[in-house]
Each structure stands twice: as C-alpha cells, then as structure tokens.
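Close look at the chain arrangement
Residues per chain are reported as follows:
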Amino acid sequence: MTTAIQRCSKAFFQSAILKKHFSVSRYSTVIPKEQFEQMIKKNKVVVFMKGVPEQPMCGFSNAVVQIFRMHGVTNYDAHNVLEDESMRQGIKEFSNWPTIPQIFIGGEFVGGCDILLQMHKNGELIEELQKVGIQSALIEQEDKKE
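This text gives an overview of the structure that appears in the document. These numbers come from a predicted model, not from an experiment. (Residues numbered from 1 in each chain as written. Predicted model: local features only at pLDDT ≥ 70, side-chain atom pairs only at ≥ 80, totals over all residues. Heavy atoms only, no water.)

1. Thoughts on the pattern of salt bridges
Going by this rule: Here, a salt bridge means any side-chain nitrogen of Lys or Arg that lies within 4 Å of a carboxyl oxygen of Asp or Glu. Each helix is a run of H or I in the DSSP string that is no shorter than four residues. Each strand is a run of E no shorter than two, and both are numbered from the N terminus. Buried, partly exposed and exposed residues are distinguished by accessible area as a fraction of the type maximum, computed with a 1.4 Å probe on protein chains only: under 20%, between the cut-offs, and over 50%, respectively.
Going through the model one piece at a time under the given rule, you end up with one salt bridge. As a salt-bridge pair, Lys131 and Glu128 come within 2.9 Å of each other at their nearest N and O atoms. Taken together, the residues Lys131 and Glu128, both in helix 6 (residues 124-131) and three residues apart, mark about one turn of the helix. Given a relative accessible area of 62%, Lys131 falls into the exposed group.

Quick look at the structure:
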C-alpha cells in the first residue's frame, strides 16, 4: 500500500521529468576518446573554443582566433564547447588540460591561449604551421619587405 507521501513524490518526479525541470546534458556521457582522435585529425589545425571564430564568447578564444588571423590561418576546424557539455568536459579529459580553448596542430595537442601566444611571440608557431604545410602570412609579409 502506497502512502500519500509516496504518491506525491511519484507525482512530483513525473511532473519534473515531463516539464524538464532539470538539465539532461548535465548527466550525459562523455564523448569517446576515439571520436576526439578523429576530430583532431580531420584538419591540420583544430580548435576547441567557447563560441565560433566569427563570434568568440571569451577573451582567450578571441585571442586564439586573432593569432591565427595574423598568420593567415582561416581554414581550421573550430568546435564550440558551449554547445555540448560532454564535448567541453571530454576534451579536457582527452588532452589532460583543464582550460578552454585548446589547440591541436597536425593532430598534436599544442596547449591553450597562453602557449599559443608564447609560440606566436617567439616564432615557434610559424615553425609548427610549416610542419603541417601551412605558410604563415607573417613570413609572406617579411618576404615582401625584403
């Protein structure tokens, strides 16, 4: 025999489920490692960021977009982690890196915004781009000056 409390609790939970008073994405599973491996190998440059290149949703993601623009790198895959919580958490676990954005070049994890900025400043980014067959626009500008 069910009590009044049990009936009320059951009715409450059924109502909450039907009216979706909770976030399903919070309880979703993390994207499998193999799927991330496929995503990062799909293009020479892959960025997991907040927002999209046309409209970054945080200063760090915006800085990454601007650095790539300076180098003339516009053909890269950008994944908006704000659209999918499982992607946001999954990429952090996959790379063992706690922050977003995350940059991959040639299928290898480079780091986040600070590391990309440092690579840009010391010239390493030009070298890494060349390794995957991308000519930096900054080299082309230097060639024109000479």
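2. Considerations on the environment of His120
Using the following cut-off: In this description, contact between two residues means that some pair of their heavy atoms is separated by no more than 4.5 Å.
Note on placement: His120 falls in helix 5 (residues 113-122). Separated by 52 residues in sequence, His120 and Phe68 have C-alpha atoms that sit 9.2 Å apart. Once residues within four sequence positions are removed from consideration, His120 is found in contact with Ile67, Met70, His71, Leu125 and Leu138.

3. Quick notes on the side chain of Asn43
Of note, Asn43 is situated in the loop between helix 2 (33-41) and strand 1 (45-49). Sequence-distant contacts of Asn43, defined by excluding residues within four places in its chain, comprise Asn75, Tyr76 and Asp77.

4. Let's talk about the packing of helix 2 against helix 4 (residues 85-95)
Definition in use: For helices, the fitted line uses only the C-alpha atoms of the stretch in contact; every axis is such a line through C-alpha atoms, and the angle between N-to-C directions lies from 0 to 180 degrees. The cut-offs work like this: below 35 degrees is roughly parallel, past 145 is roughly antiparallel, 65 to 115 is roughly perpendicular, and the gaps in between are oblique. Classification used: nonpolar for Ala, Val, Leu, Ile, Met, Phe, Trp, Tyr, Cys and Pro, charged for Asp, Glu, Lys and Arg, polar for all others including Gly.
Their axes nearest at 10 Å, the elements helix 2 and helix 4 cross at an angle of 85°. With respect to helix 4, the axis of helix 2 lies roughly perpendicular. For the pair helix 2 and helix 4, the contacting residues are Lys33, Phe36, Glu37, Met39 and Ile40 in the first and Met87, Gly90, Ile91 and Phe94 in the second. For the contact of helix 2 with helix 4, a count of residues per class yields six nonpolar, one polar and two charged.

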